[in-house]
Structures are given as C-alpha cells and as structure tokens.
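Structural features, examined
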Amino acid sequence: MSTRGWATMSSRSRVAFAVATVMSVVAALVITWDTAYLPMRVALVCMAGGLSAVPFVLRASGRLPALADGRAPAITRGVGWLLVGSMTTAVIVSFRDSDTTERVTTGIPVVTVLLAAHLIGIQAVTARPTSTGGRGLGAGAAFGLGAAGVWLLVVAVRPPVPGNAGLATLLVFAAVVGAGYWSRRAGRVGAALTAGTIGSLSIVVSVGSLMSLVPDRWVPQIVTVAMTPAANVSESRIETADPYVALLLLGAVCGAVLVITFVPGLARRLERLFEVPASQAPASALEVHTSARP
C-alpha cells in the first residue's frame, strides 16, 4: 500500500471507507443468515466485502487520486456506487438459497469481476484531475440514467418485461452517442463511456427489481414446461435476467476502457507491455532495399 496514497487520505475518508466495508459485510451476513450451503454464504460475503473495499484500496494505494472538485464528479460517483451496491444486493438475495457449486466457483467470481469493472471505471473517470469535466460527467450520468428511464417507460406502457436485451442494448448505444455528442470536444470519450457504464448497469438493476416486484402479467413467458402455471411464472422470473448478462458485460467493457483511459500512466504502461523491441522489429521495405544493393 502506497505511503503517498495513504498519507493524502483524510482521517474522515479512512473512517468512511472502513465503515462502508464493515457495513457491507454485516449486511451480507444478515441476508445470508439462513443460507444452508456454507460455501455459498462465504462466497457472497466475500463478494460484498471485496467490492466495498475496492474504492478504499485504490485510494489508499495511490492508484487513483481523490475525487475531483465539483458536484458532477460527486453525483456521478455516488450514482455508480449506488448501482453497484444495488446489483450486489440483488445477486446476494437471488443466490442465497442456491446450493449449486458452479455458482460458487464460476457465477459469483464472474459477477464480482464485472461489477468491479463498473466500480473502478466510475471511480477513475471522476478522480482528480478529470479531463472529462463537469459537463461531460453530467451528460454521461444523465444519458445513462435516461436510457434506463426510457426502457422502464416502454415496459410500463407495453408490458411484459422484454425477454431479450435488444431494446436495452439499443438504448444504451443511443445514450453513448448522445452523451458524446452533448459533451462536444471536452471530455467526449469519458462522457460516452460513463453513459455506457451507468446505462447498462441501471437497466440490469431495473430488470432484477421488476422481477421481484411486478405482478405475473408483467413477466415474459420464457418457461412453459413447468408442472403448474404458477411454477412457469416463478421460473420465468428467474430466467428473464439471463439475457441481460450481456448488457452487464457491455457496461463492464465500458468501465474497463475508462480504467485504461483515466488511471494515470496505465495506458502508457500497457503500450510498453505490448511494444515490440527495436532489435526484434521487422526491417522496413526501404532498409531491405538498401541492404540489397551491392
């Protein structure tokens, strides 16, 4: 852990990060209190604690500077954290009664990595100094949340919830283009990627929430071979979220690009990693032609 990063943190920030991590772990322990499958409970608690510790580790290690000045960075980061927290809670509630080993060894680690990409990406683009600017961050958050709002409006007007992510994907891409255009020259890339990250995660969270709250007529008929109609609806509530995993992946890709773009020095280090040494570089056509002369 970098002494420089730790030293630049105020005691208030250290306490806030520690309290948030402890509260996340305690909440996960409470939610999984009746989980009979111990590996599942351990995996879910570790996911909650690990994700809540990510901002603290990045800040304390000096990998990312402090939050940029202004309302837009604070609001954008707050929205991102809230969405990741909501999605984490939804996953814990959904998986707590499962006793499937595959979910412990594959499902939870994959979801944790995808959510971490969202979380780190939002933290990177809102860190000081941000080249995206207040206008770009505001546009990214607004267009991302707007995409989820339009999707919810369509569902409200014409239920049931779509059984595929086609409409949601189109809305996210529209948000990316809109945020980039609205930001114009200043911070266009950051605004577009922020919209993609927030928009994708917002819709996925909305799908999970709706499947827990809406009446049966809002649930798409995905499963039709269960023993009873009630069982068909119950299974369909679970299966509806599966196509939207691709949308979660899209948001994670946007978050990963934000990390590469805005973490200080990371892009340059990656370039050097894939750089071909001069001694191994192929000779140019001019060099080959010159060397061939007698």
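None of these values were measured; they are calculated from a predicted model.

Summarising the model, the chain shows a mean pLDDT of 80, and 79% of its residues fall at 70 or more. This model gives residues 281–294 a pLDDT under 50, and the stretch forms 2 contacts once residues within four places in sequence are excluded.

Before going further, it helps to spend a moment on a nonpolar patch on the surface. A contiguous nonpolar surface patch, about 290 Å² in accessible area, is contributed by V15, V19 and M23. With respect to the helices and strands, M23 occurs in helix 2 (residues 11–31). Since its relative accessible area comes to 57%, M23 is described here as exposed.

Our next topic: the environment of P39. Here P39 lies in helix 3 (residues 38–60). For P39, a relative accessible area of 36% corresponds to the partly exposed category. In sequence terms P39 and T100 are 61 residues apart; their C-alpha atoms lie 9.6 Å from each other.

Next up on the list: helix 10 (residues 245–262). Between the first and last C-alpha of helix 10 there are 26 Å, a value that for 18 residues agrees with the 26 Å anticipated at 1.5 Å per step. Residues of helix 10 that are buried include every one of L247, L248, G251, A252, C254, G255, L258, V259 and F262, and no others. Buried positions in helix 10, seen along its axis, are confined to an arc of 160 degrees and lie on one side of it.

So, on to the environment of N164. The residue N164 is located in the loop between helix 6 (133–157) and helix 7 (166–183) in this model. For the pair formed by N164 and A241, sequence separation is 77 residues and the distance between their alpha carbons is 8.7 Å. When neighbours within four sequence positions are excluded, N164 is seen to be in contact with P243 and Y244. In terms of polar contacts, N164 uses its side chain to reach the backbone amide nitrogen of G166, at 3.0 Å.

Our next topic: the nonpolar core. Grouped together as the largest cluster of nonpolar side chains are 55 residues, with contacts concentrated most on L115, W151, L201, I203 and Y244. Counting only elements with at least two residues in this core, the list comes to helix 3, helix 4 (71–95), helix 5 (101–125), helix 6, helix 7, helix 8 (188–213) and helix 10. Sort the elements by how many residues they give to this core and helix 8 lands first, with 10 residues. Apart from residues no more than four positions distant in its own chain, Y244 is found in contact with W151, V161, P162, N164, A165, A168, I203, V204 and V207. Ranked by size, the runner-up nonpolar core spans 8 residues in total, among them A72, A124, V125 and L137.

Counted at 1.5 Å a residue, the expected span for helix 6 with its 25 residues is 36 Å, and the 36 Å between its end C-alpha atoms agrees. Three or more residues of helix 6 are buried, namely G136, L137, A139, G140, A141, G144, A147, A148, W151 and V155. Considering only its buried residues, helix 6 is in contact with helix 4, helix 5, helix 7 and helix 8.

Attention now moves to the packing of helix 8 against helix 10. Running from amino to carboxyl end, helix 8 crosses helix 10 at an angle of 150 degrees, the nearest separation of the two axes being 8 Å. Overall, the two elements helix 8 and helix 10 adopt an arrangement that is roughly antiparallel. Seen from above, helix 8 lies across helix 10 with left-handed handedness. Counted together, G190, L193, T194, G196, T197, S200, L201, I203 and V204 of helix 8 and L247, L248, L250, G251, C254, G255, V257, L258 and F262 of helix 10 form the full contact between these two elements.

What follows covers unusual backbone geometry. The amide bond that connects P159 to the next residue, P160, takes the cis arrangement and shows omega of 10 degrees. Structurally, P160 is set in the loop between helix 6 and helix 7.

Turning next to the environment of G196. Its place among the elements puts G196 in helix 8. Note: C-alpha distance between G196 and A141 (55 residues apart in sequence) is 9.1 Å. If we skip the residues at most four places from it in the chain, G196 touches V172, V176, G251 and C254.

The rules behind these values
Residues numbered from 1 in each chain as written. Predicted model: local features only at pLDDT ≥ 70, side-chain atom pairs only at ≥ 80, totals over all residues. Heavy atoms only, no water. pLDDT = per-residue confidence, 0-100. Contact = heavy atoms within 4.5 Å. Patch = residues over 30% accessible without salt bridge, like charges linked within 9 Å, V, L, I, M, F, W, Y side chains within 5 Å. Areas by Shrake-Rupley, 256 points an atom, 1.4 Å probe, with all protein chains shown as cover. Salt bridge = Lys/Arg side-chain N within 4 Å of Asp/Glu carboxyl O. Helix = DSSP H or I, 4+ residues; strand = E, 2+ residues; numbered from the N terminus. Buried < 20%, exposed > 50% of the residue type's maximum accessible area, 1.4 Å probe, protein only. Expected span 1.5 Å × (residues − 1). Arc of directions from axis to C-beta. Polar contact = N/O pair within 3.5 Å; in protein donor to acceptor, adjacent residues only side chain to side chain. Core = buried A, V, L, I, M, F, W, Y, C linked by side-chain atoms within 4.5 Å. Axes fitted to C-alpha atoms, helices over the stretch in contact; angles between N-to-C directions. Parallel < 35°, antiparallel > 145°, perpendicular 65-115°, else oblique. Left-handed = near helix turned anticlockwise from the far one by under 90°.

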